[in-house]
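Coordinate inspection notes
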Amino acid sequence: DIYFIHQVDEDNVEMVFEKYGPLDALCELKADGKIRFTGIASHYFSVLKRGICDHRVDVLQGSGNMLECGMLDRLAEEKLLQQKGFILNKVYAAGILPAFFPVETLLSGVLAYPVTTALIGLGTIEQLNEAMDVRLDYVRVPFAKVMSVLEKSFLPIYCDRCQRCHCLYGHEIHLIFRQFNYYFLGKDYWALKKLDLSIDEFAGRCKSCTEMSCLKSCPKNLFIPDLVD
């Protein structure tokens, strides 16, 4: 039904979208009747926006939840998204958020966005029944309210992963902040395993950076150098 090019990021996006590249190959398969829809899957707003604007892409898959809602807020502003299918994953934030919020709230919060369907991840029959039995109102939960709940357990970084921050050295600030929050939300082993992000190098460069382009573009006004330190 849908054939995705997965893990498209800012390093390989040109190769994926270029003429005679993987996306063109999927279009040929679609024309031959071998697949029904073409898809692009990515964790990056810039890639998803490019897919939204490309007529060759039928379906997009991205990640987001009540904690990591910044990219969803930006995607919701793209009117062309309504002409695409959009599959959302990481709704439970790798299984973390149900310990802090009712399933009904988690699902309603993301389905209030222009999402076609959500991949929530189910491990037991009980989890399946809980997800299927809820009544949904499709109401976005304010980010500040999410933070107020999490603050009862630890001091989270107020980053919603909107991905507007830009590091001149190419470090993914939003990803490092996500791993910090995930660690204290109960995914300590998973967060550390994924945290191959050259943090010491990043911290050194952050302290010596005079341009500070990340600060200028952060809508939350986070003082990123202090948080990295």
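Up top is the structure.
Summarised in this report is the structure supplied together with it. (Residues numbered from 1 in each chain as written. Predicted model: local features only at pLDDT ≥ 70, side-chain atom pairs only at ≥ 80, totals over all residues. Heavy atoms only, no water.)

Time to look at the overall build of the chain. When you go through the chain residue by residue, the secondary structure sums to 12 helices and 5 strands. Expressed as lengths along the three principal axes of its C-alpha atoms, the size of the chain is roughly 55 × 45 × 30 Å. In the chain, which comprises 229 residues, the share counted as buried stands at 46%. Counting contacts in the chain only where the partners sit at least 6 residues apart, residues at least 24 apart contribute 68% of the total. As presented, the chain carries roughly 12,600 Å² of accessible surface, and 51% of it is formed by carbon and sulfur atoms. Positive and negative side-chain charges in the chain, numbering 25 and 30 respectively, have mean positions lying 3 Å apart. (Helix = DSSP H or I, 4+ residues; strand = E, 2+ residues; numbered from the N terminus. Buried < 20%, exposed > 50% of the residue type's maximum accessible area, 1.4 Å probe, protein only. Contact = heavy atoms within 4.5 Å. Areas by Shrake-Rupley, 256 points an atom, 1.4 Å probe, with all protein chains shown as cover. Lys, Arg positive; Asp, Glu negative; His and termini not counted. Charge placed at Lys NZ, Arg CZ, Asp CG, Glu CD.)

In terms of burial, strand β4 (residues 85–89) is a largely internal element, 5 of the 5 residues being buried. Note on the crossover from strand β3 (residues 59–63) through helix α4 (residues 70–76) to β4: the handedness is right-handed. Here β4 pairs with strand β5 (residues 117–118) via 2 bridges, running parallel. Looking across to β5, one finds that Ile87 is bridged to Thr117. Viewed along the sheet, the connection from β4 through helix α5 (residues 103–111) into β5 turns out right-handed. (Right-handed = clockwise from strand over helix to strand, strands pointing away. Pairing = 2+ DSSP bridges.)

Ranked by internal contacts, the top residues of the largest apolar core, which has 47 residues, are Ile40, Leu60, Leu67, Leu75, Phe86, Tyr92 and Leu150. Broken down by secondary-structure element, the contributors of at least two residues to this core are α1 (13–17), α2 (22–31), α3 (45–53), α4, β4, α5 and α7 (143–150). Once residues within four sequence positions are removed from consideration, Leu150 is found in contact with Leu67, Phe100, Phe101, Pro156 and Leu185. Formed by 15 residues, the second largest nonpolar core is a distinct cluster that contains Cys159, Ile176, Leu215 and Ile224. (Core = buried A, V, L, I, M, F, W, Y, C linked by side-chain atoms within 4.5 Å.)

Attention shifts here to the environment of Tyr92. Summarising the element assignment, Tyr92 is placed in the loop between β4 and α5. Measuring from C-alpha to C-alpha, the distance between Tyr92 and Leu67 comes to 9.3 Å, with 25 residues separating the pair along the chain. In this structure Tyr92 touches Leu97, Pro98, Val103, Leu106, Leu107, Ile120, Gly121 and Ala131, once residues within four positions along its chain are discounted.

Taken by themselves, the reported measurements are silent on function.
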